[in-house]
Amino acid sequence: ESYDRALDIDGRDPVAWGNKAGNLLELRRFDEAIAAYDRTLSIDPRSAERWIGKGTTLGQAGRHAEAIPCYDEGLRLERANPRGFYNKGNSLVQLQRWDEALACFRETNRLAPGVGIAYYNRGLCELTLERPQEARGHAQAAEREIQHRALRLRSEQRVRRHLHLAQAVVLHATRSAH
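None of these values were measured; they are calculated from a predicted model.

Novice: Lay out the overall build of the chain in plain terms, naming residues and giving numbers.
Specialist: Counting its secondary structure elements, the chain contains 10 helices and 0 strands. In the chain, the succession of α and β elements from N to C terminus is α-α-α-α-α-α-α-α-α-α. Burial analysis of the chain (178 residues in total) assigns 45% to the buried set. Considering only intrachain contacts with a sequence separation of at least 6, the fraction spanning at least 24 residues in the chain is 46%. For the chain, the accessible surface area stands at approximately 9,900 Å², while carbon and sulfur atoms represent 48% of it.

Dropping the structure here:
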């Protein structure tokens with residue numbers, strides 16, 4: 001509602017449109033969020049965050065092939081955006097483009113080494129590509145980062161779930177290596 005009031009005052013405010021799009025995404029109202037991202041990007045197409053937000057929205061709506069060009073544009077505008085690489089990697093996984101996804105998760109960890117779930121996703125890609133030794137190393141890195149985060153956050157259920165998943169990848173990779 002507050003975004004609608006702000007847009008009534010100035011319908012060409014790209015920040016208000018972007019904020020509205022983000023809130024609609026949180027509400028899982030994907031079509032409306034995409035329309036709001038389209039509106040903000042028509043006003044100001046130079047916002048990396050809004051391009052990545054649109055890609056994220058398309059990805060969460062299951063429209064991964066459409067999300068990739070949005071991530072690409074956002075990353076062209078802001079090359080050092082770990083969220084853009086991470087979310088693009090997730091869409092590439094859904095499209096079963098494993099090597100490209102792996103490169104995105106690798107770049108995520110280069111830009112933001114503490115993103116444990118990106119190590120985990122690297123491990124899954126490596127397992128899919130039948131490289132269990134590499135998968136095991138990434139899963140162990142994920143385990144370390146997730147444990148570190150759990151200590152920092154005095155953890156929640158989501159962190160425990162990610163830790164369990166990383167441990168499962170380590171176990172699977174160890175078994176595959178033998």
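Novice: So what's going on with the environment of Ile68? Residues and values would help.
Specialist: Looking at the element boundaries, Ile68 is found in helix H5 (residues 64–77). In the structure, Ile68 is positioned 19 residues away from Asn87 in sequence and 9.3 Å away in space, judged by C-alpha atoms. With residues up to four places along the chain from it excluded, the contact list for Ile68 reads Lys88, Ser91, Leu92 and Leu95.

Novice: Give a description of the packing of aromatic side chains that names residues and reports values.
Specialist: Under the counting rule described, the total for this entry stands at 1 aromatic pair. Consider the rings of Tyr86 and Phe105, whose centres lie 5.7 Å apart with planes at 55 degrees: the pair is tilted. Here Phe105 lies in helix H7 (residues 98–111) and Tyr86 lies in helix H6 (residues 82–94), a separation of 19 residues in the sequence. Given the relative accessible area of 0%, Phe105 is considered buried.

Cut-offs applied
- Just so you know, the residues in each chain are numbered from 1, in the order the chain's sequence is written.
- Per-residue local features are limited, in this predicted model, to residues with pLDDT of at least 70; the limit for side-chain atom pairs, both in listing and counting, is 80 or more; totals at the level of whole chains, interfaces and linings are taken over all residues.
- To get the side-chain values, all heavy atoms of the structure are used, and hydrogens and water are removed first.
- Segments assigned H or I by DSSP are reported as helices when at least four residues long, segments assigned E as strands when at least two residues long, and all are numbered from the N terminus.
- Throughout, exposure labels follow a simple rule: accessible area from a 1.4 Å probe, protein chains only, divided by the maximum for the residue type, with under 20% read as buried, over 50% as exposed, and the rest as partly exposed.
- It only takes one pair of heavy atoms within 4.5 Å for two residues to be counted as in contact.
- With residues, only the protein chains shown are counted as cover, and all accessible areas are computed by Shrake-Rupley using a 1.4 Å probe.
- Working definition: a ring pair exists when centres of Phe, Tyr or Trp rings (six-membered ring for Trp) sit within 6.5 Å. Plane angles under 30 degrees give stacked, over 60 give edge-to-face, the rest tilted.

Coordinates in, geometry out; function isn't part of it.
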